[in-house]
Amino acid sequence: MTRIAGALPLLALWAVPLLAALVMAIAAAASSAAWTALLVHPQLWPALGLSLWTGTAATCLAFICALIISAGVYRSPAWPWLQPLAATGMALPHLAFAIGFGILIMPSGLVARLGVGGDTPPNWITTQDPLGLSLTIALALKEIPFLVAMIWSLLAQGDTAAHLEGQWRAARSLGHGAGSTWLRVVQPQIMRRMTWPLLIVFSYGASVVDMALVMGPTQPPPLAVIIWNDLNHGTAANNARGIAGAILLTLAIGSLAALSLLALRALGVAARPLLSAGPSPRPAPRFIAAASVGAAVLIYSAVLMLLTLLSFAPRWPYPAILPPALSLSSWQMLLTSSPALWLSLGLAAASSIMALVLVVLWFETQPRSRDRWLLVLAAASLALPQVLIAAGQYDVLLRLGLTGDIIGLFLVHLAPVIAYAAIVLAAPYRSFDQRYIAAARSLSAGPWRRWRLVKGPLLRVPLLTAAAVGFSVSMVQFVPAQLIAAGRFETLPMAAVTLTSGGSRSLSAAFALALALPPLLVFLAAAIAGRTRWR
Amino acid sequence: MSVTLTRRRLVSLAILLPFAGAARAAADWPATEAKAKGQTVYFNAWAGSEQINAYIAWAGQELQSRHGITLQHVKITDTAEVVRRVRDEVAAGKADGSVDLVWINGENFRTMKRDKLLFGPFAEDLPNFALVDTAGKPTTRVDFAEAVDGLESPWGMAQLTFFGDGAKLGQPPRSMLDLLDFAKAHPGLVTYPAPPDFHGTTFIKQALIETIADRSLLPMPIGKEQFLAVAQPMFNFLDALHPHLWRKGKQFPPSQSQVKQQVADGELLIGLTFNPNEPANLVATGELPATTIAWQHAQGTIGNTHFVAIPINAQAKAAAQVVANFLLSPQAQARKADLAVWGDPTVLDLTRLSAADTALFTAQAAPGSVTAPAPAIPEPHGSWVPLIEASWLERYGA
Amino acid sequence: MALELQSVTLTLHGTPLIRSFNVGIINGEVVTLMGPSGSGKSALMSMIAGDLEAPFSATGRILLDGEDVSHILPERRRIGRLFQDDLLFPHMTVGENLLFGMPRGDKAARLARMQQALEDAGLAGFAPRAPHTLSGGQRARVALMRAMVAEPRAMLLDEPFNKLDAELRGVIRGFVFDHLRERGIPCLMVTHDRADAPAGGRVLRLMDGEVRDD
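Reading the values: the criteria
Residues numbered from 1 in each chain as written. Chains lettered and ligands numbered in written order. Predicted model: local features only at pLDDT ≥ 70, side-chain atom pairs only at ≥ 80, totals over all residues. Heavy atoms only, no water. Helix = DSSP H or I, 4+ residues; strand = E, 2+ residues; numbered from the N terminus. Rg over C-alpha atoms; globule rule 2.2 N^0.38 Å. Buried < 20%, exposed > 50% of the residue type's maximum accessible area, 1.4 Å probe, protein only. Contact = heavy atoms within 4.5 Å. Areas by Shrake-Rupley, 256 points an atom, 1.4 Å probe, with all protein chains shown as cover. Lys, Arg positive; Asp, Glu negative; His and termini not counted. Charge placed at Lys NZ, Arg CZ, Asp CG, Glu CD. Patch = residues over 30% accessible without salt bridge, like charges linked within 9 Å, V, L, I, M, F, W, Y side chains within 5 Å. Salt bridge = Lys/Arg side-chain N within 4 Å of Asp/Glu carboxyl O. Buried area = accessible area lost by both parts, 1.4 Å probe. Polar contact = N/O pair within 3.5 Å; in protein donor to acceptor, adjacent residues only side chain to side chain. Nonpolar A, V, L, I, M, F, W, Y, C, P; charged D, E, K, R; others polar. Domains from an automatic or database assignment. Phe/Tyr/Trp six-rings, centres within 6.5 Å; stacked < 30°, edge-to-face > 60°. Axes fitted to C-alpha atoms, helices over the stretch in contact; angles between N-to-C directions. Parallel < 35°, antiparallel > 145°, perpendicular 65-115°, else oblique. Left-handed = near helix turned anticlockwise from the far one by under 90°. Core = buried A, V, L, I, M, F, W, Y, C linked by side-chain atoms within 4.5 Å. Pairing = 2+ DSSP bridges. Right-handed = clockwise from strand over helix to strand, strands pointing away.

Helix and strand counts for chain B come out as 16 helices and 11 strands. In summary, chain B has a C-alpha radius of gyration of 22 Å against a globular reference of 21 Å for 398 residues, a match within 12%. When its C-alpha atoms are laid out on the principal axes, chain B stretches across 65 × 55 × 35 Å. Taking all 398 residues of chain B together, 61% fall into the buried category. In chain B, of all internal contacts separated by at least 6 residues, the share reaching a separation of at least 24 is 81%. Put simply, chain B shows about 14,900 Å² of open surface, and 58% of that area lies on carbon and sulfur atoms. The averaged location of the 38 negative side-chain charges in chain B is 4 Å from the averaged location of its 33 positive side-chain charges.

Before going further, it helps to spend a moment on the overall build of chain C. Scanning chain C from N- to C-terminus turns up 6 helices and 10 strands. For 214 residues, the compact-globule estimate of 2.2 N^0.38 gives 17 Å, and the C-alpha radius of gyration of chain C, at 17 Å, lies within 12% of that figure. Sorting the 214 residues of chain C into buried and exposed places 53% on the buried side. Surface summary for chain C: the accessible area is close to 9,300 Å², and the carbon and sulfur share equals 51%. Looking at charge distribution, chain C has the averaged site of its 25 positive side-chain charges lying 2 Å from that of its 27 negative ones.

Taken together, the side chains of A:Ile4, A:Leu8, A:Leu11 and A:Val16 present a nonpolar region at the surface, about 370 Å² in accessible area. Among the secondary structure elements, A:Ile4 is positioned in helix H1 (residues 2-28).

Our next topic: the interface of chain A and chain B. Put simply, an interface is often sized by how much accessible area is lost when its parts join up. If you look at the interface, chain A gives 53 residues, while chain B gives 57 residues. A combined buried area of about 4,600 Å² lies between chain A and chain B, and 49% of that area is made up of carbon and sulfur atoms. Looking only at chain A, the three residues that lose the most surface to chain B are A:Gln219, A:Arg315 and A:Arg488, adding up to 14% of its buried area. When the shortest N-O distance is used, the salt bridge between B:Asp265 and A:Arg505 registers 2.8 Å. Put simply, chain A and chain B have 11 residue pairs in polar contact (both at pLDDT 80 or more) between them. Of all elements in the fold, only helix H12 (223-231), helix H13 (236-270), helix H19 (386-399), helix H24 (479-485) and helix H25 (492-500) of chain A reach the threshold of two or more residues within the side of chain A that touches chain B. The residue inventory of the side of chain A that touches chain B, partitioned by class, reads 25 nonpolar, 22 polar and 6 charged.

A few words on the domain arrangement of chain B. Residue and element names in this part refer to chain B. Domain parsing of chain B yields domain 1 (2-157 + 304-360) and domain 2 (161-303 + 375-396). Its C-alpha centre places domain 1 at a distance of 30 Å from the equivalent point of domain 2. On the side of domain 2, 16 residues touch domain 1, which itself brings 11 residues to the contact. At the boundary of domain 1 with domain 2, total buried surface from both sides reaches about 1,100 Å², with 54% on carbon and sulfur atoms. Applying the counting criterion to the domain 1 and domain 2 interface returns 0 salt bridges. Along the lines of polarity and charge, the residues of the side of domain 1 that touches domain 2 split into 5 nonpolar, 4 polar and 2 charged.

Once that is clear, we can look at the packing of aromatic side chains. All names here are of chain B. Across all of its chains, the model carries 27 aromatic pairs over all chains by this definition. Arranged with centres 5.4 Å apart and planes meeting at 75°, the rings of Trp-155 and Trp-342 form a pair that is edge-to-face. Linking Trp-155 in strand S6 (residues 152-159) with Trp-342 in the loop between helix H14 (330-337) and helix H15 (355-360), this pair joins segments that are 187 residues apart in sequence. The exposure classification of Trp-155 matches that of Trp-342, with both residues buried. Seen in terms of ring centroids, Phe-162 and Trp-295 are 6.3 Å apart; in terms of plane orientation they differ by 20°. Their pairing is stacked.

We now examine the packing of helix H3 (residues 50-67) of chain B against H14(B). All names here are of chain B. Relative to each other, H3 and H14 sit at 160°, their axes nearing to 11 Å. Classified by the angle between their axes, H3 and H14 sit roughly antiparallel to one another. Crossing hand, H3 versus H14: right-handed. Between H3, through Tyr-55, Trp-58, Glu-62 and Arg-66, and H14, the contact on the second element is made entirely by Gln-331, Ala-332, Gln-333, Arg-335 and Lys-336.

Turning our eyes to something else, we now look at the nonpolar core. Counting 165 residues, the largest nonpolar core has A:Trp14, A:Phe97, A:Phe101, A:Leu147, A:Leu155, A:Trp182 and A:Leu307 as the members making the most contacts within it. No other element matches the 17 residues that helix H20 (residues 406-430) of chain A contributes to this core. Residue-level mapping places this core at the junction of two domains, with at least three residues from each of domain 1 (1-30 + 328-535) and domain 2 (57-222 + 273-327) of chain A. Those residues in contact with A:Leu147, other than ones at most four positions away along the chain, are A:Ala62, A:Phe63, A:Ala66, A:Met194, A:Pro197, A:Leu198 and A:Val201. Ranked by size, the runner-up nonpolar core spans 55 residues in total, among them B:Met176, B:Phe252, B:Leu268 and B:Ile377.

Residues and elements named next belong to chain B. Counting buried residues along strand S1 (residues 40-46), 5 of its 7 residues qualify, which places the element largely inside the surrounding structure. As paired elements, S1 and strand S2 (residues 70-76) share 7 bridges and run parallel to each other. By the bridge assignment for S2, Phe-43 is matched with His-73. The parallel pair S1 and S2 is bridged by H3, and the resulting crossover is right-handed.

This part takes up the interface of chain A and chain C. At the interface, 27 residues of chain A touch 29 residues of chain C. Both faces considered, chain A and chain C share a buried interface measuring about 2,400 Å² in area, 56% of it formed by carbon and sulfur atoms. Contact with chain C buries surface across chain A, with A:Arg169, A:Arg172 and A:Leu174 losing the most and accounting together for 26% of the total. Counting every contact that joins chain A to chain C gives 4 salt bridges. Where chain A meets chain C, there are 14 residue pairs in polar contact (both at pLDDT 80 or more). When contributions to the side of chain A that touches chain C are tallied by element, the ones reaching two or more residues are helix H8 (158-173), helix H9 (178-191) and helix H14 (272-275) of chain A. The leading source of residues in the side of chain A that touches chain C is H8(A), at 9 residues. In terms of residue class, the side of chain A that touches chain C is built from 10 nonpolar, 11 polar and 6 charged.

And the structure:
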């Protein structure tokens, strides 16, 4: 009975609508004409290759950097500060980062202005390069904070932290340096739990549209951009081709992800002799880690600074080091959207709290064996191109009469938040040492007391992380929200996209900062509240 | 799949049939105005410009005080989304649609007309339609070579216009051949957005018009074979142009707004727009320097009209017609044409207005305005567009 | 003297826990240090091993065969440790746990030594097993062998028998002490249970910050 009751809300509010949306979307592509049109598209295969390449390269790059940073900072005095730092980086929306990073490196960007000068910008190919390298680097830089935060929360979790502490001492007493201990003891134990976060990073990178439009190549563009153009092209034939393209991209992402998992496993087997190679005094890679963190902080600071400056500068022609004139017009225009800001904040708060309740209810009542389905659906919903899911969600909500309705709007905000909450919470929740609960039970604590006084506090870090991630995801939710709102509601991202579609970079910068600020505050609050206090 | 779709469409048509009869009622204008009172019109209009949004807000105030109509501006990014929304709503049998009025033209109009998603005909029954310059501005009745048939009401004019910093340009190129010479002299500093970006497609259409041997083919439907034959001079021109473009013509910016930004940053010398007054607006907001100039090709550039239309499942059809009529009024059109407000050229024939109304249209010359307007050339027939886009993609896409 | 502590003072938040502690332990000797919980026994172990962390701090010298190791990294001190928990690495096999700490060198020789150590512990054939498949007593023996094959110059035992049941406790105690004596390794053990101490061995008691012979 409790078992059914615990799963029902999650199934009714999330899983069933999501599956229905998928079925609707796939049914819409069940026309052979759409597939034929897709397969004769001259850019299809190079575009698909580009999508997979940028996604893979960005994921590898970001993961390697995140591991090096974690290895160098773990158990150092800087370790507690890594989480708030990563949270700051995560809070900046992807598109905002791409805009700011582009203005740093493009031919007429700040680097060229400072380093080259002259009347016309240098002939650099630093953005929109044919191989998508600038897109890859921008994606990787943007994902490093997310992966670092994931690693941090895995290691900081109460019981794991205690076990690792002892193992750390044991390894040191056996002659292993800090770097060797990380490589042989800590890292192997977190690799498997990083699977889902890596999958999200990969699928996001391979299906991203907004960053690709700013940084990515155009001839051919990544496949996601072609899909996006098709879906926005109005005609039914193009829509169908777009959905077929989205399904193809999804299948490709899924297959490559499966292959990567096998490769990662093979890598684990290949690296096995490393474990038994014997003690090595290898120190922690403090220097490389510090240099990486320093470089990332420098780039993010430059991006934030450039965005701030741009938001006050209607025009900033090459080769001026500073804008010729400053103006408040972008911020004044932003102020006209304050109702949209309040609506977004409300939706973000409500959906992150609701998602936590539903997901925790699931984990508390469902056997572990059912997690797989939850996680597959969650990861799939994040991995599928947003436009595809959004089209299906719209179809479903239209039939339920929930378009142009606040409930429909809430549900589409809730969907990705639940997916992230499930993925962020799954590993910590299931690896929770049940002996604590047994102990509490032996002290005659009831279920609510056990949760409130034992499990909740011990899982405080992942719970707060999930809430903060959910909040920020909800804040930037755009594609489905736009469809469901049907013009009756306006959220901040909608205002941002419509008001900046005229191409004003200054206004884009102002909105980027406005979108970044609330998640940033929530992340910092979560990081401060999540400091472990039970040492 | 196709079976269910057809059935669904039949059902929705049956639901919507009673509304179709309402079209003629527009002739009885006072009754329409009376019915419109108190209605709310959800006007779905692109909102990427502060000036446009402010103008629509002004129209809303006027409509409220004059007709008791609430005009709600639904701020959208892309009209194709609205088309899809209406199509989905109609397919789902939703008679109380979310859209009452939509800012539309070209392909989106053709799609809605073909799929019978539009209310009407109503446009030519609007009292103010008599003032429209249908002779001098034939695009007010033929939208991208598609007959309007009173299914949308003209609102404003657009024409392909180029701009750049006069201090850097010297003599701007006023034909595609001049542009080729200019690009050779300034390698890497000229480009155009990649189709299917609307401006990119228009640039190529302009090249087609300027290079094709027989222009009389353009308003007619065309097939692939014939297209490839008659468009050969255009491809020759593009082949010659591309090596001198930005990134040697191997990469193209994805959008017009990126081109505009690159011009502002100094990465490119020439930008393009479909609103002849956009450069002047950008000078006014400080995004382009005061030395900006705007021009059109001497032999004329592609021009078109943008309209407002009423979806077949709109809730406030009467009020939507009153809004469309108001938007055609001399006062609304004059305010829209004012550079300080929006700067969108009027669809009216000024000779048909009273002296007092004509006086509302004061000529202004602001920095960045077009100084020597060229004739507007109508868009080619809609069947050319997919062929242009597909063949461009095949030749230059990968 | 193999392991020698000179004037070791340990403080917590600046308050002294152990004042000027001196002890010398000869090769093969096991010295037992007893004291109530919170008296600083475990912190003293960390201090000797070299991974003492804030809020604790310490002064004093640690000599191994006369060499001052107070300022070198824990992994270079070659001081082995056994804890209350066996702390076998859960992602490694039993064999890999042993090889983890064994000095580098010829691969075949290392494997042979690993097999020999397991045999000595009565665990021949256990190399490919995962730690969680072993019983508590087996795990305790693996933990000791893991420390032994790392060739420690001294050994620190931190209540190592605490979590074992009474029967096993006696067996493992004997196993550990025999090995330490056989190999001539000096050992300091902290415990709160007098019965843990080896028969006839020296026992020190930590009371109010002072260490006295029992």
